[in-house]
Amino acid sequence: MPFMKLLHPSSWKDYELIDSGDFEKLERFGKYTLIRPEPQAIWSRSLGEQEWKKLADAKFVREQKDNYRFSEDVKGGWSRPQGMPESWNVLYKYNDLNLTLRLALTNFGHVGIFPEQGNNWNFIYDTITGWNIAKPRVLNLFAYTGAASVVARTAGAEVIHCDASRPGINWANQNMQLNNLNDIRWVYEDAFKFVRREVKRGNTYNGIIMDPPPYGRGPEGEKWTLQEQLNELIEMSSKLLEKKNFFFILSMYAVGLSPIVGLNVAKTHFDTTDAEYGEFFLKSKQGKDLPMGTFLRFRK
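Residues numbered from 1 in each chain as written. Predicted model: local features only at pLDDT ≥ 70, side-chain atom pairs only at ≥ 80, totals over all residues. Heavy atoms only, no water.

## What about the nonpolar core?
- Grouped together as the largest cluster of nonpolar side chains are 47 residues, with contacts concentrated most on F29, L34, W88, W121, I124, I128 and F247.
- Taken domain by domain, this core gets at least three of its residues from each of domain 1 (11–87) and domain 2 (115–299).
- Once you skip the residues sitting within four places of it in the chain, W121 turns out to touch W12, Y92, L99, L101, A147, A148 and V151.
- Counting residues in hydrophobic clusters, the runner-up holds 33 residues, among them A191, L226, F248 and M252. (Core = buried A, V, L, I, M, F, W, Y, C linked by side-chain atoms within 4.5 Å. Buried < 20%, exposed > 50% of the residue type's maximum accessible area, 1.4 Å probe, protein only. Domains from an automatic or database assignment. Contact = heavy atoms within 4.5 Å.)

## Here we look at the pattern of salt bridges
- What the rule picks out here adds up to 18 salt bridges.
- For K285, the salt bridge identified is with E16, shortest N-O distance 3.8 Å. Here E16 lies in strand β2 (residues 15–21) and K285 lies in the loop between β16 (276–282) and β17 (290–299), a separation of 269 residues in the sequence.
- For K285, a relative accessible area of 57% puts it in the exposed group. (Salt bridge = Lys/Arg side-chain N within 4 Å of Asp/Glu carboxyl O. Helix = DSSP H or I, 4+ residues; strand = E, 2+ residues; numbered from the N terminus.)

## Points about the side chain of E189
- Within the secondary structure, E189 is located in the loop between β11 (185–188) and α5 (191–201).
- On the basis of relative accessibility, which here comes to 14%, the residue E189 falls in the buried class.
- Apart from the residues lying within four places of it in its own chain, the contact partners of E189 are C162, D163, A164, F194, R197 and P219.

## Quick notes on the pairing of strand β15 (residues 247–252)
- For β15, the tally of buried residues reaches six of six residues, placing the bulk of the element in the interior.
- Burial along β15 is two-sided: F247, I249 and S251 facing one way and F248, L250 and M252 facing the other are all buried.
- Two strands pair when backbone bridges link them, and strand β12 (residues 207–210) and β15 are joined in this way by four bridges, in the parallel orientation. Bridge pairing links I208 to F248 in β15. (Pairing = 2+ DSSP bridges.)

## Describing the sheet that holds strand β6 (residues 76–79)
- Taken in spatial order, the five strands of this open sheet run β2-β3-β4-β5-β6, and their pairing is mixed. Unpaired on one side and paired on the other, β2 and β6 mark the two borders of the sheet. Strand-to-strand twist across the sheet, computed as the mean angle between neighbouring axes with direction ignored, equals 20 degrees.
- Relative to β6, strand β5 (residues 58–62) is paired through four bridges, and the arrangement is antiparallel. Within β6, the position partnered with R62 by the bridge is G76. (Axes fitted to C-alpha atoms, helices over the stretch in contact; angles between N-to-C directions.)

## Section: α5
- Within α5 the residues assigned to the buried category are A191, F192, F194, V195 and E198. Down the axis of α5, the sector holding all buried residues measures 165 degrees, keeping them to one side.
- In the stretch just after α5, G202 is the one whose phi turns positive, near 80 degrees. (Arc of directions from axis to C-beta.)

Below is the structure:
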């Protein structure tokens, strides 16, 4: 069995974790530095409060703390100077990949990207560009604002982007256009139901990406609970992957599950002898790195 890995997105120039602590994080996204809640940052800050205030362009204050990363039910508010825009762009570069992504201050504290996923974007880009396939097909589930979809499309894949949030799909469409791309197929649907139908249709893919929330609701009120449904979702997904030239990515955040959980679920339904698994983290300038969930991925 391979050892667990700890990986951070070293390709970022437009993102940095400056400091964290006292249940908050201080991050720079391009031109702007933000203070946002971080339930895992139970330690003390390295920099003083005045230094945080001096560096920050905006701060999000949450109305309640028992939240999950993906929940849009948890509200709060931003304090920001009048001159700061509500949205702006950042760049991500890796080898020949040049990605432009739109960020915005949302009313639930997100900005439109999860920076630790940069490591998965590199994996997607390297895998697809390394294949000698005319039009590989990639399915991105729980696809959020579509950074991974745009990466896969940039690498030459046909991409199906499935998400149960209409605003998320609209945002992903903006990211596609920012990168001068077209023809990503948008699917506004519950991911679990879509995968079940794709199995019945006999469709197959060269790549499947999923970053499921701990819990959620589909467009028609479908209930999603990760711990109850992940095993079945991965079982169905295993039926959608091609027998060769394929990859699979699973990311999980904020449910307190070990990386070995994802590995064991995947082992149940795949030959995962060469799987990578472990934790993503964000490297801090102050030396207190921030854990950002687990990952599992493999390719053939």
